[in-house]
Amino acid sequence: MPASNVSSSLSERTRTRLQGGVTHVADRDPLTVRSPFTGEEIGTVPACQSADVAEAVRTARAAQTDWAERPVEERAAVLQRFADEVLDHREELLDLVQLEAGKARLDAHVELLDVVLNADYYAREGPGHVASTRRGGGFPLLTTAVEHHDPVGVVGLVEPWNYPLTLAISDMLPALLAGNGAVLKPAEATPFCALRAVELLVDAGVPEDLVQVVTGHGSTLGEPLISSVDYVTFTGSTETGRTVASLAGEHLVDASLELGGKNAAVVLADADVSQAVRGTVHGSYANAGQLCISFERIFVHEDVYDEFVDRFVDATEALDLGASLAFGPDVGSLVGQHQLDTVEAHVADARERGATVETGGRRREEVGPLFYEPTVLTDLPDDATAACEETFGPVVSITPVADADEAVERANDTDYGLHASVWTEDADRGEALARRIDAGSVCVNDAYLGMWASTDAPMGGVDDSGIGRRHGADGIRKYTESQTVTTQRLHPLVPVDGLPNRVAAAGATLSIRALRRLRRLSPLGGR
Ligand code: NAD
């Protein structure tokens, strides 16, 4: 389906208004934003400089104190209103996401709902995650201990282009609920989604200065941002993640890093092949494969391999590519020339090394300048680039395995560890196998949505896929400093006057022995 009606969605008025949301203290060079569907210019934003970051952090910091003093229930109500705003502006947001990121409308819809789920979750559960909590004191009856969680101050968020709405805003929501301010640095390619989302936050009741947006190049803004905020949330490539981690280390700023993946799906002999095909096709080509948790490697038991490949290829060929702002096309565009170059290079390398291109393997310029056909590779050698490096495009390899052990071994044969899935009729077996896969998340009989929507459970990567987690308690407590307050009853724990140290030490040892016994006898003993 060729490009249609996709360039008219951002009016001059809207563009100017959104540009006004960028913090900059002087005129800056323009950074051009283009629609991947057509290559046409959507607009420009300022290429901010370090002075702009300083101003953004100063402004957010000044607003943060009042925000943190508001009752947490008030902040939670703002998040719920924000969820309503997002739903109320659904059509407009979907247009904007598609316009900037070139994705299919259904993919845009997934990320819009993700924003709503996160806002709703942290509004409901966030207050409990950061509430002051009684802890076991060192000495029962004598010591009480309470854990408090205070906002860190200002959180810096550096985000990628692939899910420009939800990644710009969803990781910020728990930070705000915890009482922080925020400075957001969206990807160069997708600043307008971030700017619109921040407008909706303000409409929902977030104080105007609390969330600041700086646009421009990560290489220019990374250091000034990381050196001046109190926590860094980074989502992007492993390569940039290493730079961010070293800057955070240099400035002793805590950080979470959500990075790349080379995710595997494992299809066992007892899987329902038709469901496994439906799930893995969706999991491989969602967002044209530009999804951190999409599959790039599928390992299939040899008993069902031929049937699986045949059906997978048929289902892939049935996918409709298109540049339309309507629901309809299954697969959208790649986001930029760099992404297209990577995809083409990986497929060319696979061909050179003897892989079979079962379907796809070519650009589709008649649909749009950056479209690439969903591609299935078989016979892919282990040392091919597409077997080892993240492609981040609509390319997946399918490989037969002799048994579940080999499947696990091959799934784990990567430096990454973000996400995986297991397909089997036996859910218990699937869950047991999931526990053997080195990844931050594993879906049994699902591609990724069930896990992604489980906002109460942590999500993130191991090894080169990242440090830290989003979602759940982990996803909000990281934005707090904990403080422990202990109160001592009767008398302070100091050596008794006149008592020899040897006797005091023996007495303390005896007490600890007694305490350990008590705690073994009763889980509450010695609290
Ligand atoms: P990228 O690393 O090129 O850019 C991400 C962000 O980092 C951008 O805003 C960019 O401007 C900024 N940046 C660049 N250089 C910087 C520097 N020196 N200091 C600080 N910031 C800098 O990634 P991308 O191409 O935008 O996104 C694709 C990658 O993101 C893929 O590898 C994908 O797997 C990963 N990703 C991971 C997750 C996850 O949750 N694990 C989610 C989405 C995307």
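Quantities reported herein were computed from a predicted structural model and do not represent experimental measurements.

Caption draft 1: Quick look at the pairing of strand β15 (residues 419-423). For β15, the tally of buried residues reaches 5 of 5 residues, placing the bulk of the element in the interior. Taking every second residue as pointing to the same face, both faces of β15 are buried, with His419, Ser421 and Trp423 on one and Ala420 and Val422 on the other. Bridge count for β15 against strand β16 (residues 441-444) is 4 bridges, and the pairing is parallel. For serine 421, the partnering residue across the bridge sits in β16 and is cysteine 443. The parallel pair β15 and β16, bridged by helix α16 (residues 427-434), forms a crossover whose chirality is right-handed.

Caption draft 2: Inspection of the UniProt feature "active site" (unreviewed entry) in the protein chain at higher detail. Within the UniProt annotation, "active site" (unreviewed entry) is assigned to Glu258. With respect to the secondary-structure elements, glutamate 258 resides in strand β9 (residues 254-258). The class of glutamate 258 is buried, set by a relative accessible area of 5%. Apart from residues lying up to four places away in sequence, glutamate 258 is in contact with Phe234, Thr235, Gly236, Met459, Gly460, Gly461, Ser465, Gly468, Arg469 and Arg470.

Caption draft 3: View of the pairing of strand β2 (residues 41-46). Pairing between strand β1 (residues 30-34) and β2: 5 bridges, direction antiparallel. Residue pairing in the sheet places leucine 31 in a bridge with valine 45 of β2. In this antiparallel pair of consecutive strands, β1 and β2, the connection spans 6 residues, and glycine 39 shows a positive phi of 85°.

Caption draft 4: Broad picture of the side chain of serine 35. Of note, serine 35 is situated in the loop between β1 and β2. Using a relative accessible area of 3% as the deciding quantity, one classes serine 35 as buried. Once you skip the residues sitting within four places of it in the chain, serine 35 turns out to touch Glu40, Ile42 and Leu99.

Caption draft 5: Structural detail: the site of the ligand. Neighbouring the ligand are 28 residues; Glu159, Lys185, Ser237, Thr240 and Glu390 lie closest to it. Within the side chain of serine 237, a nitrogen or oxygen atom sits 2.7 Å from an oxygen atom of the ligand. When the free accessible area of the ligand is taken as 860 Å², the share hidden by the protein chains comes to 88%. Those elements that provide at least two residues to the shell around the ligand are α9 (218-228), β8 (231-235) and α10 (238-250). In terms of residue class, the shell around the ligand is built from 12 nonpolar, 10 polar and 6 charged.

Caption draft 6: Structural context of unusual backbone geometry. If you check the backbone angles, leucine 252 has positive phi at about 50° while not being a glycine. Its place among the elements puts leucine 252 in the loop between α10 and β9. Take leucine 252: its relative accessible area is 79%, and that puts it in the exposed class.

Caption draft 7: Spotlight on the sheet that holds strand β6 (residues 181-185). Spatially, the 6 strands line up as an open sheet ordered β7-β6-β5-β8-β9-β17, and their pairing is mixed. Across the chains shown, the open sheet's two edge strands, defined by having one partner strand only, are β7 (211-213) and β17 (466-467). The pairing of β6 with β7 spans 3 bridges and is classified as parallel. Within β7, the position partnered with alanine 182 by the bridge is valine 211.

Caption draft 8: Structural context of the pattern of salt bridges. By the definition in use, this model includes 32 salt bridges. Close ionic contact of aspartate 270 with arginine 429 constitutes a salt bridge, the shortest N to O distance being 3.7 Å. Of the two residues, aspartate 270 sits in the loop between β10 (263-267) and α11 (273-285) while arginine 429 sits in helix α16, which places them 159 residues apart along the sequence. Residue aspartate 270 is classed as partly exposed on the basis of its relative accessible area, which comes to 26%. The exposure class assigned to arginine 429 is partly exposed, which follows from its relative accessible area of 36%.

Caption draft 9: A look at the sheet that holds β15. Within the open sheet, the 7 strands sit side by side as β12-β13-β14-β11-β10-β15-β16. Their pairing is mixed. Each end of this open sheet is capped by a strand with a single partner; those strands are β12 (356-359) and β16. Averaged over all neighbouring strand pairs, the angle between strand axes comes to 25°, with direction disregarded. Contacts from α11 reach β10, β11 (295-301), β13 (375-378), β14 (395-401) and β15, with the element oriented near 160° to β11. Running over the sheet, α16 touches β10, β15 and β16 and is turned about 165° from β16.

Caption draft 10: Inspection of the packing of aromatic side chains at higher detail. Scanning the entire structure with this criterion turns up 8 aromatic pairs. On the numbers, 6.2 Å between centres and 10° between planes, the contact of phenylalanine 37 with phenylalanine 371 is stacked. Of this pair, phenylalanine 37 sits in the loop between β1 and β2 while phenylalanine 371 sits in the loop between β12 and β13, placing them 334 residues apart in sequence. Overall, phenylalanine 37 belongs to the buried group, its relative accessible area being 1%. The exposure class assigned to phenylalanine 371 is buried, which follows from its relative accessible area of 0%. Each ring, one from tyrosine 285 and one from phenylalanine 312, has its centre 6.2 Å from the other, and the planes form 55°; the classification is tilted. You can see tyrosine 285 sitting in helix α11 and its partner phenylalanine 312 sitting in helix α12 (residues 302-317), a full 27 residues away along the chain. Phenylalanine 312 carries the same exposure label as tyrosine 285, and that label is buried. Aromatic ring contacts, followed pair by pair, group Tyr163, Tyr448 and Trp452 into a single cluster.

Parameters at a glance
Residues numbered from 1 in each chain as written. Predicted model: local features only at pLDDT ≥ 70, side-chain atom pairs only at ≥ 80, totals over all residues. Heavy atoms only, no water. Buried < 20%, exposed > 50% of the residue type's maximum accessible area, 1.4 Å probe, protein only. Helix = DSSP H or I, 4+ residues; strand = E, 2+ residues; numbered from the N terminus. Pairing = 2+ DSSP bridges. Right-handed = clockwise from strand over helix to strand, strands pointing away. UniProt positions renumbered as here; feature names shortened; annotations may be inferred. Contact = heavy atoms within 4.5 Å. Near = heavy atom within 4 Å. Polar contact = N/O pair within 3.5 Å; in protein donor to acceptor, adjacent residues only side chain to side chain. Areas by Shrake-Rupley, 256 points an atom, 1.4 Å probe, with all protein chains shown as cover. Nonpolar A, V, L, I, M, F, W, Y, C, P; charged D, E, K, R; others polar. Salt bridge = Lys/Arg side-chain N within 4 Å of Asp/Glu carboxyl O. Axes fitted to C-alpha atoms, helices over the stretch in contact; angles between N-to-C directions. Phe/Tyr/Trp six-rings, centres within 6.5 Å; stacked < 30°, edge-to-face > 60°.

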